[in-house]
Amino acid sequence: MLLTRASPTFLPSTSAASPSPQQAPSSPTFGRSQYRRGGGLVSVSSPVAGQRCAARRRSVMAAAGAVPAAKLEDADALIDSVETFIFDCDGVIWKGDKLIDGVPETLDMLRSKGKRLVFVTNNSTKSRKQYGKKFETLGLNVNEEEIFASSFAAAAYLQSIDFPKDKKVYVIGEDGILKELELAGFQYLGGPSDGDKKIELKPGFYMEHDKDVGAVVVGFDRYFNYYKVQYGTLCIRENPGCLFIATNRDAVTHLTDAQEWAGGGSMVGAILGSTKQEPLVVGKPSTFMMDYLAKKFGITTSQICMVGDRLDTDILFGQNGGCKTLLVLSGVTSVQMLQSPDNSIQPDFYTNQISDFLTLKAATV
């Protein structure tokens, strides 16, 4: 059962001198509920199943102290109540390489009202600079300083714990992580260049690894292979004090707008399975990025609205940070998932997509 406003996945101090214990809850999954009766499945749309669903949902939410999410009706009231909007990107601003309808006009309207806009993504395949180019390609005027990707969060975390510059970082992930580590001045190896490497399992074969690796960073990786699994496993298990850092544990991602694809959580899960160690998660719903943003911009978190399409990352990220939360149904989460009897992560509000800020505003005039 999911618990609303759960304890943060990871709460590193930006002034910490050493790494915190490695811990992270398992990623929850969501699905359409069905009930078995007499060997058959009963749809939740049937009267009996519907009553059971409603009763179970009330019971789950009451136990968790959750208040059901309200459908957004007065956009002006929400906009006027905060100074800053933090937006997830995949499923909120775009899907794959396709911009979601009404996004440019919505962002322009919020800027015209003097709102600070920040874009936070768990996708680690690009650096902040690379994401800036994607925003530009899609016709959006977004400053690099307004973008925070989990690739950047991994490098920022290592800086926050004074990770030794004579140690190396092994990367299971893509170019975004490498670029952010380089900008932060850290030595690294791995990444896409290990994508073509294979292990020839001959009798007596022994795989060497770099004993100076002090951290393994795992993010989404389209070049994931057994070589990387084994190399990362050896570093974590055999190098004393080696950190296991995950950019995120997202189950799925939007590589295209046609379907959902296996997310970074699948790569993290492989390393967790072989090392039996929980990762330090620096992306959402960990509050590391929220703490970083609040400090950088001098933001009071009660004056922030977190807007996202995922309950277990975006909404929990906002709740863990003490922000208002708005779920949009333009990405991963459907209204059925939100109202499932097994779900008790409830945002303050939900709506179809962020362009509803424009239409709902017009409807309230």
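Here, the structure is the one placed above.
Each chain has its residues counted from 1, following the order in which its sequence is written. This being a predicted model, a pLDDT of at least 70 is required before a residue's local features are given, and a value of 80 or more before pairs of side-chain atoms are given or counted; all residues contribute to the totals for chains, interfaces and linings. To obtain the side-chain values, all non-hydrogen atoms of the structure were included, while hydrogens and water were left out.

A. Looking closely at the overall build of the protein chain. Each helix and strand counted, the protein chain has 12 helices and 18 strands in total. In this scheme, a residue with accessible area under 20% of its type's maximum is buried, one over 50% is exposed, and one in between is partly exposed, where area comes from a 1.4 Å probe on protein chains only. A burial count over the protein chain gives 52% of its 365 residues as buried. Residue contacts follow a heavy-atom distance rule, with two residues in contact if any of their heavy atoms lie within 4.5 Å. Partitioning the contacts of the protein chain with sequence separation of at least 6, the portion at a separation of at least 24 is 72%. Accessible areas in this description were obtained via Shrake-Rupley with a 1.4 Å probe; residue shielding takes into account the shown protein chains only. Total accessible area computed for the protein chain in this model is approximately 16200 Å², and 50% of it derives from carbon and sulfur atoms. Helix and strand labels come from DSSP, where a helix needs a run of H or I of at least four residues and a strand needs a run of E of at least two; each type is numbered from the N terminus.

B. Expanded view of helix H4 (residues 128-137). Taken together, the buried positions of H4 are occupied by Arg-128, Tyr-131, Gly-132, Lys-134 and Phe-135. Seen from one end, H4 has its buried residues packed into an arc of 160°, which puts them on one side. Those residues of H4 that are exposed and angled more than 90 degrees off the buried face are Lys-129, Lys-133, Glu-136 and Thr-137. Buried residues along H4 sit against strand E5 (94-95), strand E7 (116-121), strand E8 (147-149), helix H5 (150-160) and helix H6 (175-183). Of the residues one or two after H4, Gly-139 is the one with positive phi, at around 85°. The arc in question is formed by the directions pointing from the helix axis toward the C-beta atoms.

C. The sheet that holds E8, seen in detail. Strand pairing requires that DSSP identify at least two bridges connecting the strands. In spatial order, the strands read E3-E18-E17-E16-E4-E7-E8; together these seven strands make up an open sheet with parallel pairing. Edge strands, defined here as strands with exactly one partner in the open sheet, are strand E3 (70-71) and E8. Judged from the three bridges that link them, strand E17 (residues 324-328) and strand E18 (residues 349-351) form a sheet pairing that is parallel. In the sheet register, Leu-327 faces E18, and the bridge partner there is Tyr-350. Throughout, an axis means a line fitted to C-alpha atoms (over the contacting stretch in the case of helices), and angles, computed between N-to-C directions, take values from 0 to 180 degrees. Strands strand E4 (84-87) and E7 of the sheet are contacted by helix H3 (residues 103-112), whose axis makes an angle of about 135° with E7.

D. Structural view of the nonpolar core. Ile-86, Leu-158, Val-169, Leu-181 and Ile-245 are the most contacted members of the largest nonpolar core, which totals 35 residues. Those elements that place two or more of their residues in this core are E7, H5, strand E9 (168-172), H6, strand E11 (213-218), strand E12 (243-246), helix H9 (288-297) and strand E16 (304-308). Ranked by residue count, the leading element in this core is H5, at seven residues. Start and end points for every domain follow an automatic or database-based domain assignment. Taken domain by domain, the makeup of this core includes at least three residues from each of domain 1 (70-122 + 285-358) and domain 2 (152-281). Leaving out residues up to four positions away in the same chain, Ile-245 has contacts with Tyr-157, Leu-158, Ala-215, Val-216, Val-217, Val-218, Leu-280 and Val-282. One finds Val-103, Leu-117, Leu-138 and Leu-360 within the second-largest nonpolar core, a separate group that totals 32 residues. The nonpolar core is taken to be a set of buried Ala, Val, Leu, Ile, Met, Phe, Trp, Tyr and Cys residues, with the residues joined through side-chain atoms within 4.5 Å.

E. How the structure looks around H5. Burial analysis of H5 places 10 of its 11 residues in the buried class, which makes it a mostly covered element. Taken together, the buried positions of H5 are Ser-150, Ser-151, Phe-152, Ala-153, Ala-154, Ala-155, Ala-156, Tyr-157, Leu-158 and Ser-160. Looking at the residues trailing H5, positive phi occurs at Asp-162, about 55°.

F. Focus on the packing of aromatic side chains. Note on ring pairs: Phe, Tyr and Trp rings are taken, using the six-membered ring of Trp, and paired if centres are within 6.5 Å. Classes follow the plane angle, with under 30 degrees stacked, over 60 edge-to-face and the rest tilted. A full pass over the atoms with the stated rule returns 15 aromatic pairs. When the centroid spacing of 6.0 Å and the interplanar angle of 15° are considered together, the rings of Phe-85 and Phe-87 count as stacked. Across the pair, Phe-87 and Phe-85 agree in class, each one buried. The exposure class assigned to Phe-85 is buried, which follows from its relative accessible area of 0%.

G. Structural detail: the packing of helix H7 (residues 226-238) against helix H8 (residues 264-275). In the contact formed by H7 and H8, the axes pass within 10 Å of each other and the chain directions differ by 50°. Of the possible angle classes, the one that applies to H7 and H8 is oblique. When you trace H7 past H8, the crossing you get is right-handed. Residue-level contacts link Val-229, Thr-233, Ile-236 and Arg-237 of H7 to Ile-271, Ser-274 and Thr-275 of H8. Under the scheme applied here, ten amino acids are nonpolar (Ala, Val, Leu, Ile, Met, Phe, Trp, Tyr, Cys and Pro), four are charged (Asp, Glu, Lys and Arg), and all others, including Gly, are polar. In terms of residue class, the contact of H7 with H8 is made up of three nonpolar, three polar and one charged. Angle categories are assigned with fixed cut-offs, so that under 35 degrees is roughly parallel, over 145 is roughly antiparallel, 65 to 115 is roughly perpendicular, and the rest are oblique. Less than a right angle of anticlockwise turn of the near helix away from the far helix marks a crossing as left-handed, whereas a clockwise turn marks it as right-handed.

H. Representation of the sheet that holds E9 within the structure. Here we have five strands laid out as an open sheet, ordered E10-E9-E11-E12-E15, and parallel in their pairing. Strands at the two margins of the open sheet, each flanked by one partner only, are strand E10 (187-190) and strand E15 (280-281). As paired strands, E9 and E10 are joined by four bridges and run parallel to one another. Among the inter-strand pairings, Val-169 is bridged to a residue of E10, identified as Tyr-188.

I. Representation of the environment of Trp-261 within the structure. As for its position among the elements, Trp-261 is in strand E14 (residues 261-262). Judged by its relative accessible area of 33%, Trp-261 is partly exposed. Taking the C-alpha atoms as reference points, Trp-261 and Ala-251, separated by 10 residues in sequence, lie 8.5 Å from one another. Once residues lying within four places of it in the same chain are set aside, the contact partners of Trp-261 are Ala-251, Val-252, Thr-253, Leu-255 and Thr-256. For this analysis, a polar contact is any N or O atom pair within 3.5 Å, provided that within protein one partner can donate a hydrogen and the other can accept it, and provided that sequence-adjacent residues contribute only side-chain to side-chain pairs. A polar contact is formed between the side chain of Trp-261 and the backbone oxygen of Gln-259, at a distance of 3.4 Å.

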